[in-house]
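Listed here are the chains, written in short residue letters.
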Number of protein chains: 2
Amino acid sequence: MTRKNERIVSPEFSSLSASIVTTLKDQILHWQYPPEHRLTEAELCKQFNVSRSPVREALRILATDGFVQRMPNRSYRVKQHNLQEIEELYDVRLALELFVVERLATRNDAVQSDIAALKRTWTGLLNGSPRKDEELARLDTQFHETLAHASGNKSLLRQLRAINERLMLFRIIDFAKTHRAASTCRQHLDILKYILAKNVAGARKAMQKNIEEGRNNVHSAIKDALARSYSM
Amino acid sequence: MTRKNERIVSPEFSSLSASIVTTLKDQILHWQYPPEHRLTEAELCKQFNVSRSPVREALRILATDGFVQRMPNRSYRVKQHNLQEIEELYDVRLALELFVVERLATRNDAVQSDIAALKRTWTGLLNGSPRKDEELARLDTQFHETLAHASGNKSLLRQLRAINERLMLFRIIDFAKTHRAASTCRQHLDILKYILAKNVAGARKAMQKNIEEGRNNVHSAIKDALARSYSM
DNA sequence: GTACTCCATGCTGTATACAATGTGGCCTCA
DNA sequence: TGAGGCCACATTGTATACAGCATGGAGTAC
């Protein structure tokens with residue numbers, strides 16, 4: 001039996017807004033709201049059974065994280081990522097991650113354990129049973145973020161995380177492509193190999209290939225989707 | 001004669017919080033508040049003669065922009081950038097800007113006018129009369145952001161701007177170094193030269209040298225400052 | 001003198017009331 | 001019939017009241 005004023009929000013969060021943020025992010029990522037959907041404060045107040053203060057705060061956070069678009073003195077709307085923006089984010093990833101592998105291949109001080117763990121994981125994935133798209137997308141994200149972590153630059157890692165959060169939607173599309181899983185495994189193992197061999201140029205090339213393949217998959221998938229929606 | 005309830009905030013901002021944000025940023029950048037200084041909402045309410053709502057919003061924005069540090073359920077404090085964080089930010093700059101010059105040197109489509117304008121500006125600065133540190137820091141920032149703009153990646157430009165905002169304090173330190181102005185001019189002109197010559201490796205090297213010199217200046221200046229403050 | 005408890009205080013977190021702004025529809029007038 | 005002005009409504013911006021958490025100091029036991 002639910003009491004009238006019971007909170008919908010998960011208890012593991014100290015503040016209401018933080019909980020609202022994660023819930024909304026999750027809902028947006030799972031297409032619960034269509035792009036361009038209008039979000040009003042009052043509506044969310046009812047949905048979460050809280051007052052406007054935490055809802056407002058959550059919306060501001062979502063806006064800076066790029067999940068919703070704020071229109072001053074009007075409402076918010078679920079952000080529609082256009083093709084160009086996605087390409088741009090993939091390029092920023094490229095910039096950051098090429099730097100990461102270069103750093104790792106140049107001075108690999110205390111990161112050997114991280115690299116070794118990744119090697120085990122992705123060798124296992126290459127030979128193991130197939131996984132769900134969403135899980136692969138998550139593991140792929142984890143691979144790239146682990147490398148960034150190993151580079152020791154916390155600021156860079158934070159930026160990369162923010163980008164990956166926004167791209168998660170499209171990474172899932174990426175892994176819907178057949179054979180993408182196997183090719184990702186091989187590419188990831190390549191990257192690790194070059195890092196361990198301290199081959200900077202090779203590591204950069206391997207990383208570039210990996211990211212560009214993802215970008216191309218997403219690009220064509222979205223163009224197909226647009227073409228289909230126009231023809232309807 | 002000031003009326004009792006007159007606003008201190010500038011009128012060019014639609015919202016109070018936006019005005020508070022820029023004012024506080026400016027004050028923090030000009031050492032109005034010492035690092036670690038505690039900022040309470042009530043105090044700022046009095047200072048700006050507004051209620052807690054816009055002040056709270058402003059503080060959240062400043063926290064995500066890295067100017068203040070939020071301590072949940074406690075107050076905020078003016079962020080003290082330690083040496084490691086600054087180094088990290090310089091590395092993120094490096095990652096982004098190496099990508100930018102590579103892009104510019106590879107496919108320089110419609111950016112010729114931007115590049116040419118920068119060339120004029122910095123040739124003039126090399127031969128012209130000396131400028132103030134703060135103005136040089138501003139011009140330097142502008143140089144790097146113009147290149148990012150010319151690369152056409154709006155997301156990357158936004159990230160770079162955010163970083164530069166945080167680093168402005170230290171860029172001014174950088175240009176306090178004698179001869180830094182002249183060497184910056186030469187390095188900037190070098191970068192432009194290699195871009196126009198479509199020499200990717202040269203452009204990358206030149207950009208790296210320029211950024212690293214700034215980083216080293218800041219590094220030694222801060223270490224000196226710390227040493228002095230410990231000996232007092 | 002030290003460590004522990006408890007409470008007062010200051011501050012943020014949340015709720016709600018009021019002000020201001022933008023939008024859409026209706027009405028009027030040419 | 002079409003354009004422009006005006007008003008009502010929906011929604012955000014701002015102010016304020018109340019709740020709850022965190023800290024530090026007084027007081028007490030040992």
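What counts as what
- Residues numbered from 1 in each chain as written.
- Chains lettered and ligands numbered in written order.
- Predicted model: local features only at pLDDT ≥ 70, side-chain atom pairs only at ≥ 80, totals over all residues.
- Heavy atoms only, no water.
- Core = buried A, V, L, I, M, F, W, Y, C linked by side-chain atoms within 4.5 Å.
- Buried < 20%, exposed > 50% of the residue type's maximum accessible area, 1.4 Å probe, protein only.
- Contact = heavy atoms within 4.5 Å.
- Pairing = 2+ DSSP bridges.
- Helix = DSSP H or I, 4+ residues; strand = E, 2+ residues; numbered from the N terminus.
- Least-squares fit on C-alpha atoms with pLDDT ≥ 70 in both.
- Buried area = accessible area lost by both parts, 1.4 Å probe.
- Salt bridge = Lys/Arg side-chain N within 4 Å of Asp/Glu carboxyl O.
- Polar contact = N/O pair within 3.5 Å; in protein donor to acceptor, adjacent residues only side chain to side chain.
- Domains from an automatic or database assignment.
- Phe/Tyr/Trp six-rings, centres within 6.5 Å; stacked < 30°, edge-to-face > 60°.
- Lys NZ or Arg CZ within 6 Å of the ring centre and 35° of its normal.
- Expected span 1.5 Å × (residues − 1).
- pLDDT = per-residue confidence, 0-100.
- Axes fitted to C-alpha atoms, helices over the stretch in contact; angles between N-to-C directions.
- Left-handed = near helix turned anticlockwise from the far one by under 90°.
- Nonpolar A, V, L, I, M, F, W, Y, C, P; charged D, E, K, R; others polar.

K.L.:
Which parts of the structure should I look at to understand the nonpolar core?
P.N.:
Among soluble globular proteins, nonpolar side chains are generally buried collectively. Ranked by internal contacts, the top residues of the largest apolar core, which has 127 residues, are A:Leu96, A:Leu147, B:Leu96 and B:Leu147. Discounting residues that sit within four places of it in the chain, B:Leu147 has contacts with B:Val100, B:Val101, B:Leu104, B:Ile115, B:Leu118, B:Ile191, B:Leu192, B:Ile195 and B:Met207.

K.L.:
Looking at this model, I keep getting lost on the sheet that holds strand β2 (residues 68-70) of chain A. Mind explaining?
P.N.:
Spatially, three strands are ordered β1-β3-β2 (chain A) in an open sheet, and the strand pairing comes out antiparallel. Looking at the sheet topology across the chains shown, the edges are occupied by β1 (38-39) and β2 of chain A.

K.L.:
Please explain the sheet that holds strand β3 (residues 76-78) of chain B as it appears in this structure.
P.N.:
Either a parallel or an antiparallel arrangement is found when strands of a sheet pair, and the pairing is made through backbone hydrogen bonds. Residues and elements named next belong to chain B. What the three strands build is an open sheet, ordered β1-β3-β2; its pairing is antiparallel. In this open sheet, the two strands that pair with only one neighbour each are β1 (38-39) and β2 (68-70). For β2 and β3, the ladder comprises three bridges, and the chain directions are antiparallel. Bridging across to β3, Arg70 finds its partner in Tyr76.

K.L.:
Just to check I follow, could you spell out the relation of the copies chain B and chain A for this structure?
P.N.:
The relation between the two chain copies is a rotation about an axis coupled with a shift along that axis. Note on the identical chains: chain B maps onto chain A by a rotation of 180 degrees and an axial translation of 0.0 Å, with an RMSD of 0.1 Å. The two molecules are tied by a two-fold rotation axis, judged by turn and shift. Relative to the rotation axis, the C-alpha of B:Ala95 is the closest in chain B, positioned 2.8 Å from it. The residues that chain B uses at the interface reappear at the interface of chain A in 100% of cases, marking a shared surface.

K.L.:
What should I look at first to understand the interface of chain B and chain A in this one?
P.N.:
Across the boundary between the two partners, chain B contributes 23 residues, which contact 23 residues of chain A. Counting the surface lost from both chain B and chain A, the interface buries some 1900 Å², and carbon and sulfur atoms represent 43% of this. At the junction of chain B with chain A, the criterion picks out ten salt bridges. A salt bridge links A:Arg204 to B:Glu102; the shortest N-O distance between them is 3.6 Å. Taken together, the connections running from chain B to chain A amount to ten residue pairs in polar contact (both at pLDDT 80 or more). It is helix α4 (residues 83-106) of chain B that provides the largest number of residues to the side of chain B that touches chain A, a total of eleven residues.

K.L.:
Got a minute to help me understand the domain arrangement of chain A in this structure?
P.N.:
By a widely used convention, the size of an interface equals the accessible area lost when the partners come together. Residues and elements named next belong to chain A. Partitioning chain A into domains gives domain 1 (16-78) and domain 2 (83-231). Computed from C-alpha atoms alone, the centre-to-centre distance between domain 1 and domain 2 is 29 Å. Between domain 1 and domain 2 lies a buried interface of about 560 Å² when both sides are counted; carbon and sulfur atoms form 61% of it. If you sort the residues of domain 1 by the area they bury against domain 2, Leu29, Trp31 and Phe67 come out on top, with a joint share of 55%. Along the contact surface separating domain 1 from domain 2 lie one salt bridge. If you look at where domain 1 meets domain 2, you find two residue pairs in polar contact (both at pLDDT 80 or more).

K.L.:
Honestly, the packing of aromatic side chains in this entry has me stumped. Any pointers?
P.N.:
For the structure shown, the criterion picks out two aromatic pairs over all chains. With a centroid separation of 5.8 Å and 80 degrees between ring planes, the pair formed by A:Trp122 and A:Phe143 is classed as edge-to-face. Placement of A:Trp122 in helix α5 (residues 112-127) and of A:Phe143 in helix α6 (residues 133-150) is noted, with a sequence separation of 21 residues between them. A:Phe143 sits in the buried class, given a relative accessible area of 0%. Between the NZ or CZ atom of B:Arg180 and the centre of the ring of B:Phe175, over which it lies, the distance is 5.5 Å. A cation over an aromatic ring shows up here: B:Lys193 above the ring of B:Tyr194, its NZ or CZ 4.9 Å from the ring centre.

K.L.:
What am I meant to see in unusual backbone geometry here?
P.N.:
Excluding glycine, residues mostly have negative phi values, and the peptide bonds linking residues are mostly trans. Within the chain, A:Asn49 stands out as a residue other than glycine whose phi angle is a positive 55 degrees. By the element assignment, A:Asn49 lies in the loop between α2 (41-48) and α3 (52-64).

K.L.:
Even after reading the chapter, I still don't get α3(A), so can you show me in this structure?
P.N.:
An α-helical segment advances 3.6 residues per turn. Residues three or four places apart therefore align on the same side. Residues and elements named next belong to chain A. Between the first and last C-alpha of α3 there are 18 Å, a value that for 13 residues agrees with the 18 Å anticipated at 1.5 Å per step. Among the residues of α3, those classed as buried are Pro54, Val55, Glu57, Ala58, Leu59, Arg60 and Leu62. Looking one or two residues beyond α3, the residue adopting positive phi is Gly66, at roughly 85 degrees.

K.L.:
Would you explain the confidence of the model for chain A in this entry?
P.N.:
As a note on interpretation, predicted positions should not be read in detail where pLDDT is low. Model confidence for chain A is summarised by a mean pLDDT of 89, while 91% of its residues fall at 70 or above. Segment residues 1-7 of chain A: pLDDT under 50, and eight contacts once partners within four positions in sequence are set aside and those in other chains are kept.

K.L.:
I keep staring at the packing of helix α4 (residues 83-106) of chain A against α4(B) and nothing clicks. Help me out?
P.N.:
The axes of two packed helices give the description: the angle between them and the distance between them. Orientation of α4(A) relative to α4(B), taken along the N-to-C sense of each, is 115 degrees, at an axis distance of 9 Å. For the pair α4(A) and α4(B), the sense of crossing is right-handed. Every residue of α4(B) that contacts α4(A) at A:Asp91, A:Val92, A:Leu94, A:Ala95, A:Leu96, A:Phe99 and A:Arg103 is listed here: B:Asp91, B:Val92, B:Leu94, B:Ala95, B:Leu96, B:Phe99 and B:Arg103. Residue composition of the contact of α4(A) with α4(B), by class: ten nonpolar, no polar and four charged.

K.L.:
What am I meant to see in the pattern of salt bridges here?
P.N.:
On inspection of all chains with the given rule, the structure shows 44 salt bridges over all chains. With its nearest N and O atoms 2.0 Å apart, the salt bridge here joins A:Arg60 to B:Glu57. Of this pair, A:Arg60 sits in helix α3 while B:Glu57 sits in helix α3 (residues 52-64), on two different chains. By relative accessible area, which is 15% here, A:Arg60 ends up buried. For B:Glu87, the salt bridge is made with B:Arg215, and the minimal N-O distance between the two is 3.2 Å. Of this pair, B:Glu87 sits in helix α4 while B:Arg215 is found in helix α9 (residues 200-231), placing the two residues 128 residues apart along the sequence. Given a relative accessible area of 22%, B:Glu87 falls into the partly exposed group.

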